[in-house]
Amino acid sequence: MAIKTIIEPFRIKAVEPIRMTTRAEREARIREAFYNVFLLHADDVLIDLLTDSGTGAMSSDQWAAVMRGDESYAGSPSFYRFEESVKRLFPFKHIIPTHQGRAAERILFNVTCGPGQIVPNNTHFDTTRANIEYRGATALDLPCAESHDIATPHPFKGNMDVAALERLLEGEGLEKVPLVMMTITNNSGGGQPVAMANVRAVSEICHRYGIPFYIDACRFAENAYFVKQREPGYADKSVVDIARELMSYADGCTMSAKKDGLANIGGFLATDDEELARQEKDLLILTEGYPTYGGLAGRDLEAIAVGLEEVVHEDYLQYRIVSTGYLGKHISREGVPIVQPPGGHAVYIDCSAFLPQLEPLQYPGIALAVELYVEAGIRGVEIGSVMFGQVEPESGEETPAEKELLRLAIPRRVYTQSHIDYVVEAILEVWKRREGIGGYRISYQAPFLRHFTARFEPLGARA
Ligand SMILES: *Cc1c(COP(=O)(O)O)cnc(C)c1O
């Protein structure tokens, strides 16, 4: 019989201590942080599930590559290694390095879109949306119908609503829609994968209307692994081949290497369009750097080159997807409501169902984030009305978001199974005392991206 236990496919060479705190300390720290986990000092956090962005552990090969980094201003060999590694998975003609994913987005939308235009996506990530809106264009989400139902699983809840896209393009055409984006996996939609069939269908429609099709590729490897697991016809294909097929339907992509690049910083923009690439490189020189480093050090380019080789290893991806699923499974089988099925990089708790006594504008996601920190030093992030609610500038009147979620994002190769068991136990402790948990009000907020700096006050005494 083959052994069934799935283990972390690495051993640990350097350790980073994490600091235990007492409940009384955490009560004090969260009060001083105005009940906003973004305002905590990270060394007061025991298990940090705020984000999977740039928080992964690098391998010994990546650290070795860092030493090889060549810091020549132009034409560094580190760039050519980076370019070759990127092109193996993303076979586009022009690869433009940037310091993060959002820099790639800014450059892409600067050269492609302007006021009055519409950019559809399955679901825009917040920086993508902000960069499009900054250009005076509209960022339109066209998620599939299944994505609205939190509790019912579906293998490809990240899909785009193809019929809605078709209706839009029929009505508007190229003048109004300069490009179509697709985010894999669909981060804001619960870290859910997109099916190859859906990518193919969207690509076909775009090309029928002569509209460029771009992929936001941040979690391309996790998405490719889900395709291998869940989509008929892909079980025997390698993740590399699946990723290459996925990219072959697109005209270009944006990428944050802080996700499936397994690096702590970096990103890139890729395109097949010669003229567009020229304009993008001009803009890159203005704000990021020369096209063979794009705001990165040579050593960062090396770390990404090796990271892209490691992220498509199937034992790594199996461990990655299984450990996220393990957290989701062990809390949901005790009744904790989550977005089903668990995503690739994160588990999303449905806070409206967890804390039904709270109205959306009593911020149940904040309430649960606070309790999880106080209970066990765990930091998650609210993805709900504080992050996505609309505030009317004149009246201050607030419209809540569609969902009140708490995201627990798992950094890559950082925590072990016993850390995750600890997280499970902590969530279940809070679940037991959920009826006594009260809501919050906002005592200070910035005019935009308020979730980063907002201050909160408990509505009653904290139990
Ligand atoms: C993180 C992310 C981005 C932006 O990348 P940064 O490196 O944080 O600038 C864009 N899209 C998605 C889906 C992301 O998850």
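Basis of the calculations
The numbers attached to residues start from 1 for each chain and follow its sequence in the written order. The predicted origin of the model limits local features to residues at a pLDDT of at least 70 and limits the giving and counting of side-chain atom pairs to 80 or more, whereas totals for whole chains, interfaces and linings rest on all residues. The basis for every side-chain value is the complete set of non-hydrogen atoms in the structure, without hydrogens or water. Between the rings of Phe, Tyr and Trp (Trp by its six-membered ring), a pair exists once the centres lie within 6.5 Å; its type follows the angle of the planes, with under 30 degrees stacked, over 60 edge-to-face, and the other angles tilted. What counts as a helix is a DSSP run of H or I of at least four residues, what counts as a strand is a run of E of at least two, and both are numbered from the N terminus. The classification of residues rests on relative accessible area computed with a 1.4 Å probe and restricted to protein chains. Under 20% of the type maximum is buried, over 50% is exposed, and intermediate values are partly exposed. Definition used: whenever NZ (Lys) or CZ (Arg) falls within 6 Å of the ring centre and also within 35 degrees of the ring normal, the charge is taken to sit over that ring. Only strands that DSSP links by at least two bridges are regarded as paired with each other. The handedness rule is simple: strands pointing away from the viewer, and a clockwise path from the first strand over the helix to the second, make the crossover right-handed. Whether two residues are in contact is decided by their heavy atoms, any of which lying within 4.5 Å being enough. We call two N or O atoms a polar contact when they sit within 3.5 Å, provided that within protein one can donate a hydrogen and the other can accept it, with sequence-adjacent residues counted only if both atoms are side-chain atoms. By convention in these notes, a salt bridge is any Lys or Arg side-chain nitrogen within 4 Å of a carboxyl oxygen on Asp or Glu. Here, proximity means that at least one heavy atom of the residue falls within 4 Å of the molecule or strand. To be clear on the numbers: accessible area is Shrake-Rupley with a 1.4 Å probe, and residue cover counts the displayed protein chains and nothing else. Just so you know the grouping, Ala, Val, Leu, Ile, Met, Phe, Trp, Tyr, Cys and Pro go in nonpolar, Asp, Glu, Lys and Arg go in charged, and all remaining residues, Gly too, go in polar. Either an automatic procedure or a domain database provided the assignment from which the domain bounds are taken. Buried surface area refers to the total accessible area, computed with a probe of radius 1.4 Å, that the two partners give up upon joining, counted for both partners together. Orientation is described by axes fitted as lines to C-alpha atoms, over the contacting stretch for helices, and by angles from 0 to 180 degrees between their N-to-C directions. The scheme is simple: roughly parallel for angles under 35 degrees, roughly antiparallel for over 145, roughly perpendicular for 65 to 115, oblique for anything else. Crossing handedness follows the turn of the near helix against the far one: under a right angle anticlockwise gives a left-handed crossing, and clockwise gives a right-handed one. Think of a 1 Å grid over just the protein atoms. A cavity is a set of points where a 1.4 Å probe fits yet cannot get out, a pocket is an open set with protein on both sides within 12 Å along at least five of seven lines, and lining residues have an atom within 4 Å of a point. Grid points are joined across faces, edges and corners, and a volume is the space filled by probe spheres set on the points.

Undergrad: I keep staring at the packing of aromatic side chains and nothing clicks. Help me out?
TA: Under the counting rule described, the total for this entry stands at 13 aromatic pairs. When the centroid spacing of 4.9 Å and the interplanar angle of 65° are considered together, the rings of Phe-354 and Trp-431 count as edge-to-face. Separated by 77 residues along the polypeptide, Phe-354 in helix H13 (residues 351–354) and Trp-431 in helix H16 (residues 417–432) bring together distant segments of the chain. For Phe-354, a relative accessible area of 1% translates into the label buried. Grouping aromatic residues by their ring pairs yields a cluster made of Phe-79, Tyr-80, Phe-82, Phe-90, Phe-220 and Phe-268. Positioned above the aromatic ring of Phe-125 is the side chain of Lys-259, whose terminal nitrogen or guanidinium carbon lies 5.3 Å from the ring centre. A cation sits over an aromatic face here: Arg-434 above Trp-431, 3.6 Å from the ring centre.

Undergrad: Just checking my understanding: could you explain the pairing of strand S5 (residues 180–183) for this structure?
TA: Look at any regular strand and the pattern is simple: side chains alternate between the two faces of the sheet. Of the two faces of S5, the one holding Val-180 and Met-182 and the one holding Met-181 and Thr-183 are both buried throughout. Note that S5 and strand S6 (residues 213–216) share four bridges and pair parallel. Along S6, the bridge assignment pairs Met-182 with Ile-215. This β-α-β element, S5 to helix H7 (residues 196–208) to S6, shows right-handed connectivity.

Undergrad: So what exactly am I meant to see when it comes to the environment of Glu-8 here?
TA: Examined against the element boundaries, Glu-8 turns out to sit in the segment before helix H1 (23–32). The exposure class of Glu-8 is partly exposed, given its relative accessible area of 22%. In this structure the C-alpha to C-alpha distance between Glu-8 and His-94, which are 86 residues apart in sequence, comes to 36 Å. Other than its neighbours up to four places away in sequence, Glu-8 contacts Tyr-319, Tyr-415, Thr-416 and Gln-417. Among the polar contacts listed, one links the side chain of Glu-8 to the backbone nitrogen of Gln-417, at a separation of 2.8 Å.

Undergrad: Can you walk me through the pattern of salt bridges in this structure?
TA: Side-chain pairs of opposite charge can arise where the charged atoms are in close proximity. This structure, assessed with the given rule, holds 28 salt bridges. Among the salt bridges present, the one from Arg-19 reaches Glu-25, with a minimum N-O distance of 3.9 Å. Residue Glu-222 pairs with Arg-320 through a salt bridge whose shortest N-O separation is 2.9 Å. With a gap of 98 residues between them, Glu-222 in helix H8 (residues 220–230) and Arg-320 in helix H12 (residues 314–332) connect regions that are remote in the sequence. In this structure, Glu-222 and Arg-320 share a single accessibility class: buried. Residues joined in a network through salt bridges with shared partners are Asp-52, Arg-219, Glu-222, Asp-260, Arg-320 and Arg-412.

Undergrad: Is there a simple way to think about the site of the ligand in this case?
TA: Among the 14 residues in the neighbourhood of the ligand, the closest are listed as Arg-102, Asp-216, Arg-219, Ser-256 and Lys-259. Contact between the ligand and Arg-102: an oxygen atom at 2.7 Å from a side-chain N or O atom of the residue. Within the side chain of Asn-187, a nitrogen or oxygen atom sits 3.1 Å from an oxygen atom of the ligand. Calculation on the ligand without its partners gives an accessible area of 380 Å², and the protein chains cover 98% of this total. With three residues, helix H4 (residues 101–112) is the single largest residue contributor to the shell around the ligand. Split into classes, the residues belonging to the shell around the ligand amount to two nonpolar, six polar and six charged.

Undergrad: Could you clarify how one ought to interpret the domain arrangement of the protein chain in this entry?
TA: One frequent convention defines the size of an interface as the accessible area lost when the parts assemble. Its domain assignment divides the protein chain into domain 1 (23–52 + 313–458) and domain 2 (60–310). A buried area of about 2,400 Å², summed over both sides, lies between domain 1 and domain 2, and 54% of it is on carbon and sulfur atoms. Lys-228 is the salt-bridge partner of Glu-314, the closest N and O atoms lying 3.3 Å from each other. The tally of links between domain 1 and domain 2 comes to 20 residue pairs in polar contact (both at pLDDT 80 or more). Contributions of two or more residues to the side of domain 1 that touches domain 2 are made by H12, strand S9 (346–350) and strand S14 (405–409).

Undergrad: Explain the packing of H4 against helix H10 (residues 274–287) to me, please; I cannot follow it from the model alone.
TA: Each pair of packed helices can be summarised by the angle the axes make with each other and by the distance between the axes. Two elements in contact, H4 and H10, have axes whose closest approach is 10 Å; the angle formed by their N-to-C orientations is 125°. Classified by the angle their axes make, H4 and H10 are oblique. Both H4 and H10 take part in a crossing whose hand is right-handed. Every residue of H10 that contacts H4 at Arg-106, Ile-107, Leu-108, Asn-110, Val-111 and Thr-112 is listed here: Leu-276, Gln-279, Glu-280, Leu-283, Leu-284 and Thr-287. Taken together, the residues of the contact of H4 with H10 break down into six nonpolar, four polar and two charged.

Undergrad: Is there a simple way to think about the sheet that holds strand S11 (residues 381–383) in this case?
TA: In any sheet, the strands associate via hydrogen bonds between backbone groups, in a parallel or an antiparallel arrangement. Within the open sheet, the three strands sit side by side as S9-S14-S11. Their pairing is antiparallel. This sheet does not close on itself; its edge strands, each paired only once, are S9 and S11. Across the sheet, the mean angle separating the axes of adjacent strands is 35° when strand polarity is ignored. Sheet strands touched by H12: S9 and S14. Its angle to S9, the strand with the most contacts, is close to 25°. The sheet strands contacting helix H14 (residues 364–376) are S9, S11 and S14, and the helix crosses S14 at an angle near 40°.

Undergrad: What's the story with the layout of surface pockets in this structure? I'm lost.
TA: To find leftover empty space, one rolls a probe the size of a water molecule over the atoms. Space inside the largest pocket adds up to approximately 1,400 Å³. For the largest pocket, the lining is made up of 38 residues, of which Ala-14, Ala-57, Met-58, Arg-413 and Val-414 are closest to its centre. Looking at the lining of the largest pocket element by element, the count peaks at three residues for helix H2 (residues 60–68). Grouping the amino acids of the lining of the largest pocket by side-chain chemistry returns 18 nonpolar, ten polar and ten charged. No fewer than three residues from each of domain 1 (23–52 + 313–458) and domain 2 (60–310) sit in the lining of the largest pocket. Taken as a whole, the second largest pocket encloses approximately 1,100 Å³ of empty space. Looking at the lining of the second largest pocket, the elements that each hand over two or more residues are helix H5 (126–134), helix H15 (385–388) and strand S12 (390–391). Per element, the largest residue contribution to the lining of the second largest pocket is four residues, and it comes from H5. For the lining of the second largest pocket, the two domains that each supply at least three residues are domain 1 (23–52 + 313–458) and domain 2 (60–310).

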